[in-house]
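# Structural overview for review
Spelled out, the chains give:
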4 protein chains.
Amino acid sequence: MACRDGQTLSALVEKARKLSFEGKVANYIPALQKESPDHLSCAIAYPEGDCFSAGDINKKFTLQSISKIITLALVLMDYGPERVFHRVGMEPTGDPFNSIIKLETSSKAKPLNPMINAGALAVTSMIKGSSAEEKVDYIMNFVKKLTNEPEIDYCEEVAISEFTTSFLNRSLCFYMKGDGVIHGNVEEIMEVYTKQCAIRLNCLQLARVGLVFAMDGRNPLTDEQVMPKEVARICKTFMVTCGMYNASGEFAIRIGIPAKSGVSGGIMGSVPGRMGIGIFGPALNEVGNSHTGLKLLELLQEKYDLSMF
Amino acid sequence: MACRDGQTLSALVEKARKLSFEGKVANYIPALQKESPDHLSCAIAYPEGDCFSAGDINKKFTLQSISKIITLALVLMDYGPERVFHRVGMEPTGDPFNSIIKLETSSKAKPLNPMINAGALAVTSMIKGSSAEEKVDYIMNFVKKLTNEPEIDYCEEVAISEFTTSFLNRSLCFYMKGDGVIHGNVEEIMEVYTKQCAIRLNCLQLARVGLVFAMDGRNPLTDEQVMPKEVARICKTFMVTCGMYNASGEFAIRIGIPAKSGVSGGIMGSVPGRMGIGIFGPALNEVGNSHTGLKLLELLQEKYDLSMF
Amino acid sequence: MACRDGQTLSALVEKARKLSFEGKVANYIPALQKESPDHLSCAIAYPEGDCFSAGDINKKFTLQSISKIITLALVLMDYGPERVFHRVGMEPTGDPFNSIIKLETSSKAKPLNPMINAGALAVTSMIKGSSAEEKVDYIMNFVKKLTNEPEIDYCEEVAISEFTTSFLNRSLCFYMKGDGVIHGNVEEIMEVYTKQCAIRLNCLQLARVGLVFAMDGRNPLTDEQVMPKEVARICKTFMVTCGMYNASGEFAIRIGIPAKSGVSGGIMGSVPGRMGIGIFGPALNEVGNSHTGLKLLELLQEKYDLSMF
Amino acid sequence: MACRDGQTLSALVEKARKLSFEGKVANYIPALQKESPDHLSCAIAYPEGDCFSAGDINKKFTLQSISKIITLALVLMDYGPERVFHRVGMEPTGDPFNSIIKLETSSKAKPLNPMINAGALAVTSMIKGSSAEEKVDYIMNFVKKLTNEPEIDYCEEVAISEFTTSFLNRSLCFYMKGDGVIHGNVEEIMEVYTKQCAIRLNCLQLARVGLVFAMDGRNPLTDEQVMPKEVARICKTFMVTCGMYNASGEFAIRIGIPAKSGVSGGIMGSVPGRMGIGIFGPALNEVGNSHTGLKLLELLQEKYDLSMF
């Protein structure tokens, strides 16, 4: 079904764009730096199948940290919560997403939660498959089910660029390997991880992923239960407690919906029972969340009373 | 209105008591140590005015950290969110509730959130009144409104005991005073804080406080809007992200309701739009939450599908 | 004996003054801020009783952290190393002198060493006397013996100013009191500590203190053994491993003599068996050591090959 | 020259062995675990060429962390202090030798000093050579000069064992590579590092290395200036401030000589101008220093008054 252009949504997108002019596009890899800081696109997908969009919704962007919630859902389905939480914790942290300190100071060596890099890498190390290629395919197929889109790819340029420069993530992997938290080959984990981060969607496709979580794991487009209700519930909980880097607490207070952001400027929102939201605004604030995207979500929350609290 | 004895609730309370035998009663002050580890009482208050209880609901206990959510509501009402969040942050932390480290390592000296001791002390330092006595009265009057109970007191013995021994809390106060986060006299702040922690309720009264937050700030017993909806919403958000010490993330995943616990063994729950819950079970687990109380909430969540996620 | 003006020393003082123009006078209390950043005075005291000086050697300054080595010597004499090291550690730390973090993270709650503020406060808490006044007198009498100077005082203005504003030091005290590392009244400890820090000497008197340590505890002016050799040895060791705040390692490599600095701009040096050095240069570098003082010591070390290593 | 069996030394060795029965042999790799906890051998080399020994001095052991002082001397000779200290700091740290925390918390990303693992790895990354093999040869040739021993090897078994399991050291390397502190291939650095740690000496050969540092870089056996005086001085300073893991401060106070220990149970001592000491006692205390070796050094210090302070 085509996505109608929503006038109200377009107006909010314009308003958000005007209100925010301070964000900066991520520059740690060249591929991300190319994006225009002015870009802002948004789509909202409803359970009934209709959707609204504003801005250039054909524009694709890489998932980056948003992929963490997708691989978490996969391993929760494959291993069950108990085995997953044996490897990665459930607690939010006041530290930056890429911090290594808690791995040393915690009595349990496992990373505090699956949304920080250490935890996401531990999750990726559990993805099923006999090779990096198989594991990436396995993730891609899951994204196809979530989006109901047969053609999903990842951006080779971004993946290679991150694979070549992700020394801190390798450091996290080796630290956890030393503690027995992750097993397997670090370079293979890095290959899978950088490719999952480089998966490309547009904001409509992202809204559909958010909708599946909002609908307790059922994809309303296909009526397929893509993941058990419990898995969707756990994922939404993490989106609330630690989905927006270390501004998650503030986001919960100001906006109050399960959401996950990525350093590319994407934000996926899941309003329980009501809607999925996909936003792409590459200008970031200082903690790494989309600056214009946050503004837009604030306007949406005010208008439609989205907060769970 | 009298609280009926609920058979179903009594059965769950019995089940919870049987399933948990590992908790330990807090022993850092003599007054808390006197409680029986076997005690478990619970009350559930509904918006329509009826309520169910199980166990000895006349048993009173001190609020301890549960009082943090009450003083937070007060200062949010008196100063507005912006001025409060100028002094205390909104982010959960992976550190213990009494940790001082982040005060030194954070670029902003303010405590990460109002549920850890540092943040709660900063909140208490903002309570209105020209003396410790006036400030304590001010808090007590608010608790009377929340519970619709004209006779609320605090336990002098517990208050004095904690006032005499709370050296770490004084350390937190002076650290923040050095950073300009709190002003005023530290001994006065300590007096108010230890008295707010020593306020005594039974589990039915606590359930009624939880109900006010659940009903967006309206007290259904009096139909009075005790606090603005926004204040209730902010408080519930903190209860989800950091209400259960540093097991808040796990609690959100396993149970998924706004809740706040205290080291006395009390837990207050607020299921949005549905009910307030008051529990007293003095046997604690290793992070300081009521061991049997958690078990009971797990059984309640399974039976009534309480999770917000 | 009068101190002769040394031409060579004067030339080095002038050279040091010219080479350094970046330091800043401490400004955390008004009394310290009054000093001229251009001032630099120095005295060198030899075991034979002669001495050389340069600059205005009548200029007095407060000891600040230099007093830590004096109180350490006192408690080592009164209690013996074993009992002192039961309360305070022997290890250098990479953290700033006023850091509180290690008190929380170390398995042993005691401060890492007696040269950081926490450790120095623990030492001061052990000073003998039945009142703050007696304890201060006890320290003053020891300084009189070390300097062979009957008239030593402390600066009331500096002492009061620091007593009124030292919230972080109170925080350290209460933290350690909570852990049972220090006992007694915190305000009394603070009174003694701020007064010991405010003891006033000129650089010649300071050089004489340094000489006592250099001569294994014997005061060559009086031929009195002011402290046992072992106490002098322990003090000199701390001066090497942690005497110059967290630039002690660099100082050991570049200059290599036992030395202790204070935030007033004083530096006391003890070249074993050879000389005591007293320097006053109030312009500080970013870690809190006298900027011109360091430069002067570097020139002295080059000229006279003072390094122990 | 053959090393005479010293009766006095033998008696001290026996005494040290009897006084200490609590140490444990390192067990993180099988090759180290094979050693007998009762073994204790010692040699003292004097500038005049004579030497004394006690215990089975033909027993070889791997250098482990003692090699850090040797590679530090090499890079100081090749690059000069300024360039080396651009990559690695000069400050002791209160953290464990393998801690990663300070890499994240320090404003400068460089490791605090070259004696902790992070700093030693940064030093090894600077060793000259176009391949791991060349770099290892370069180090080995330097050790041959220091010991005046043409046949020095490393233990292949230990090197491989550590190379295969050193995940934490890889983590440190990648962290520093991410911060631009080290360049080059991490696996190559790990190969060189694990081989330098596996270099095998007996205690007489180790005493001779210590003697070169004690004699300001001159090898008295060959009269060759193996390293500049300044390099020897810097190395001895690090041996005092951080040579004995995080018991360096206590060692400086109790014994007071430049020394470096390794987890194999070796200790190298350098008493300035007087002697070099080599000890092998594989039973370790809880911080990783030879338990019997420390006891022996304490007895030696008491008997011969070795402390510099």
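Residues numbered from 1 in each chain as written. Chains lettered and ligands numbered in written order. Predicted model: local features only at pLDDT ≥ 70, side-chain atom pairs only at ≥ 80, totals over all residues. Heavy atoms only, no water.

### Quick notes on the relation of the copies chain B and chain A
You can overlay chain B on chain A at an RMSD of 0.0 Å; the transform is a turn of 180° with a shift of 0.0 Å along its axis. Taken together, the rotation angle and the small translation identify this as a two-fold axis. No C-alpha of chain B lies nearer the rotation axis than that of Thr 93 of chain B, which sits 2.2 Å from it. When the interface residues of chain B are mapped onto chain A, 100% of them are again interface residues, pointing to one common binding face. (Least-squares fit on C-alpha atoms with pLDDT ≥ 70 in both. Contact = heavy atoms within 4.5 Å.)

### Side note on the environment of Met 176 of chain C
All names here are of chain C. When you line up the elements, Met 176 lands in helix α9 (residues 167-178). Sequence spacing of Met 176 and Met 77 is 99 residues, and the spatial spacing of their C-alpha atoms is 23 Å. Filtering out sequence-adjacent residues up to four positions away, Met 176 remains in contact with Leu 103, Pro 111, Ala 118, Leu 121, Ala 122, Val 181 and Ile 182. (Helix = DSSP H or I, 4+ residues; strand = E, 2+ residues; numbered from the N terminus.)

### Let's talk about the interface of chain B and chain C
Each partner contributes to the interface: chain B provides 13 residues, whereas chain C provides 13 residues. Buried area between chain B and chain C, summed over both chains or domains, comes out near 1,300 Å², and the portion from carbon and sulfur atoms is 75%. Among the residues of chain B in contact with chain C, Glu 104, Phe 167 and Phe 174 of chain B are the three that bury the most area, contributing 41% of the side total. The interface formed by chain B and chain C holds zero salt bridges in total. For the pair chain B and chain C, the number of links is seven residue pairs in polar contact (both at pLDDT 80 or more). (Buried area = accessible area lost by both parts, 1.4 Å probe. Salt bridge = Lys/Arg side-chain N within 4 Å of Asp/Glu carboxyl O. Polar contact = N/O pair within 3.5 Å; in protein donor to acceptor, adjacent residues only side chain to side chain.)

### Observations concerning the interface of chain B and chain A
Reports of interface size often rely on the accessible area that becomes lost once the parts have come together. The interface of chain B with chain A comprises 29 residues on the first partner and 29 residues on the second. Buried surface at the junction of chain B and chain A, summed over both partners, amounts to about 2,600 Å²; 64% is from carbon and sulfur atoms. If you sort the residues of chain B by the area they bury against chain A, Arg 233, Ile 253 and Phe 309 of chain B come out on top, with a joint share of 30%. At the surface where chain B touches chain A, the tally comes to four salt bridges. Between Lys 229 of chain B and Asp 305 of chain A there is a salt bridge; the shortest N-O distance is 3.8 Å.

### Here we look at the arrangement of the chains
The smallest C-alpha distance separating chain A from chain C is 8 Å, and no contact links them. No part of chain B reaches chain D; the closest C-alpha pair between them is 8 Å apart.

### Some words on the relation of the copies chain B and chain C
Overlaying chain B with chain C gives an RMSD of 0.0 Å, the required rotation being 180° about an axis along which the chain moves by 0.1 Å. Interface residue correspondence from chain B to chain C reaches 100%, placing this contact among same-surface, isologous pairings.

### Description of helix α5 (residues 117-124) of chain D
Residue and element names in this part refer to chain D. Burial of α5 is extensive: eight of the eight residues sit out of reach of the surface. For α5, the complete set of buried residues consists of Asn 117, Ala 118, Gly 119, Ala 120, Leu 121, Ala 122, Val 123 and Thr 124. For α5, the secondary structure elements touched by its buried residues are α3 (67-87), α4 (101-105), α8 (167-178) and α9 (186-197). (Buried < 20%, exposed > 50% of the residue type's maximum accessible area, 1.4 Å probe, protein only.)

### Topic: the sheet that holds strand β6 (residues 153-154) of chain B
Residues and elements named next belong to chain B. With antiparallel pairing, three strands are arranged side by side in an open sheet as β5-β7-β6. What marks the edges here is a single partner per strand, and that holds for β5 (60-62) and β6. Of the strand pairs in this sheet, β6 and strand β7 (residues 199-202) are connected by two bridges, and their pairing is antiparallel. The partner of Asp 153 across the bridge, within β7, is Arg 200. (Pairing = 2+ DSSP bridges.)

### Some words on the sheet that holds strand β5 (residues 60-62) of chain D
Residues and elements named next belong to chain D. Read across the sheet, three strands follow the order β5-β7-β6 without closing on themselves; strand pairing throughout is antiparallel. A single partner strand is all that each edge strand has here, and the edge strands are β5 and β6 (153-154). Direction of pairing for β5 relative to strand β7 (residues 199-202): antiparallel, over a ladder of three bridges. Within β7, the residue paired with Lys 60 across the bridge is Asn 202. Those strands touched by helix α6 (residues 132-147) are β6 and β7, and its axis lies near 10° from that of β7. (Axes fitted to C-alpha atoms, helices over the stretch in contact; angles between N-to-C directions.)

### A look at the pattern of salt bridges
The tally for this structure, following the rule as stated, stands at 60 salt bridges over all chains. Glu 157 of chain C is the partner of Lys 34 of chain C in a salt bridge, and the nearest nitrogen-oxygen pair spans 3.4 Å. Residue Lys 34 of chain C is located in the loop between α2 (30-33) and β3 (41-45), and its partner Glu 157 of chain C is located in helix α8 (residues 156-165); the two are separated by 123 residues in the primary sequence. Take Lys 34 of chain C: its relative accessible area is 59%, and that puts it in the exposed class. Asp 153 of chain D is the partner of Arg 200 of chain D in a salt bridge, and the nearest nitrogen-oxygen pair spans 3.0 Å. In this pair, Arg 200 of chain D is assigned in strand β7 and Asp 153 of chain D in strand β6, connecting sequence segments 47 residues apart. Overall, Asp 153 of chain D belongs to the partly exposed group, its relative accessible area being 33%. One network of salt bridges, with partners in common, ties together Asp 95 and Lys 102 of chain A together with Asp 95 and Lys 102 of chain B.

### Digging into the pairing of strand β3 (residues 41-45) of chain A
A regular strand carries its side chains on alternate faces of the sheet. Residues and elements named next belong to chain A. Taken across its five residues, β3 has five buried, putting it largely inside the fold. Because side chains alternate across β3, one face comprises the buried residues Ser 41, Ala 43 and Ala 45, and the other comprises Cys 42 and Ile 44, equally buried. Note: β3 against strand β11 (residues 275-280), five bridges, orientation antiparallel. Of the residues in β11, the one forming a bridge with Cys 42 is Ile 279. Two elements, β3 and strand β4 (residues 51-54), share four bridges in a ladder whose sense is antiparallel.

All we've got here are geometric facts, nothing functional implied.
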